[in-house]
Amino acid sequence: MLTMKKDTQTVDEEIITNEPLSKECPDIPGLWLSFCGLLLILIDINITTKIKFPLFEEFFTEAPLTVSMVIDDVLGHYLRLDLLPDALGFLFLLIGGIRLFKGVASSRRSLCLCVGALILSVFYQFLPFFLNGNVRYRIGYFSYFIVTLFEIIAIFEYVFCFLRSEECLANHSTNRVTTIFWMVSCLAGYVHFVLAFYQLKISSFVYFLVQAILFGVVVYRLWKGLNFFDPHRNSSL
């Protein structure tokens, strides 16, 4: 009888040990803000306004095709507004991250990246109002790739930080696979922007689809991993 009691106690301890480290449900408004912020960043619906930039000052160049690509296609001659602005998306991520990442040591880096991406996205939007000639071309050319890369790093680090904040024995391996999906999605997104710059529309659209599909997979895995339908975890709601 004593042996059976000891074995039963050992089994109970093993069951308790293998339970998730935390059953607290994440901040729901923070989750929705983060999800909406990611959608605002990943989806672009641009409209051209009637607000004209200062007339571009021509300059001598040995790469007129590249200059035309940057000035005419990338920056344009009229102010373009995104109906789903990236700056608002990063603001949502910032507010959502403050609510979600309480007590997470590495959250400061993620939130600082969101602030930096917000500032860069606003700067890039209004860049042609303040720069002209060769400076507008060069800053516009490098800013396209740098701002895009910075934004992708920011959203990757944000989701990665969220996965670390939800780390537990039950979803440790799941988080690793989700991180890989998210990494590939972010890489596909950057390739999409690079191909769009060179006006390779079909190839760019293919990578956009890859990014969108993997983003959906990541959202599904996060939703499933958070165990919203677990009555024990939702007891706090």
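Residues numbered from 1 in each chain as written. Predicted model: local features only at pLDDT ≥ 70, side-chain atom pairs only at ≥ 80, totals over all residues. Heavy atoms only, no water.

A word on the overall build of the protein chain
Link 1 in the chain: Summing up its helical and strand segments, the protein chain has eight helices and two strands in all.
Link 2 in the chain: In the protein chain, the succession of α and β elements from N to C terminus is α-α-β-α-β-α-α-α-α-α.
Link 3 in the chain: Counting over 237 residues, the protein chain shows a buried share of 37%.
Link 4 in the chain: Of the accessible surface of the protein chain, which amounts to about 14400 Å², a share of 69% is contributed by carbon and sulfur atoms. (Helix = DSSP H or I, 4+ residues; strand = E, 2+ residues; numbered from the N terminus. Buried < 20%, exposed > 50% of the residue type's maximum accessible area, 1.4 Å probe, protein only. Areas by Shrake-Rupley, 256 points an atom, 1.4 Å probe, with all protein chains shown as cover.)

Structural notes on the packing of aromatic side chains
Link 1 in the chain: Counted by the stated rule, this structure contains 17 aromatic pairs.
Link 2 in the chain: Between tryptophan 32 and phenylalanine 35, the ring centres sit 6.1 Å apart and the planes meet at 80 degrees, which makes this aromatic pair edge-to-face. You can see tryptophan 32 and its partner phenylalanine 35 sitting in helix α2 (residues 28-42), three residues apart, about one turn around the helix.
Link 3 in the chain: Judged by its relative accessible area of 29%, phenylalanine 35 falls in the partly exposed class. (Phe/Tyr/Trp six-rings, centres within 6.5 Å; stacked < 30°, edge-to-face > 60°.)

Quick notes on the packing of helix α5 (residues 107-130) against helix α6 (residues 133-165)
For any two helices packed against each other, one specifies the inter-axial angle together with the distance between the axes.
Link 1 in the chain: Where α5 meets α6, the closest approach of the two axes is 8 Å, and the angle between their N-to-C directions is 155 degrees. On the basis of the axis angle, α5 is roughly antiparallel to α6. Classified by chirality, the crossing of α6 by α5 is left-handed.
Link 2 in the chain: Of the residues in the contact of α5 with α6, the class split is 16 nonpolar, six polar and five charged. (Axes fitted to C-alpha atoms, helices over the stretch in contact; angles between N-to-C directions. Parallel < 35°, antiparallel > 145°, perpendicular 65-115°, else oblique. Left-handed = near helix turned anticlockwise from the far one by under 90°. Nonpolar A, V, L, I, M, F, W, Y, C, P; charged D, E, K, R; others polar.)

Concerning the side chain of glutamine 211
Link 1 in the chain: Position of glutamine 211 relative to the elements: it lies in helix α8 (residues 201-225).
Link 2 in the chain: The contact partners of glutamine 211, leaving out residues within four places of it in the chain, are Leu42, Ser185, Ala188 and Gly189. (Contact = heavy atoms within 4.5 Å.)

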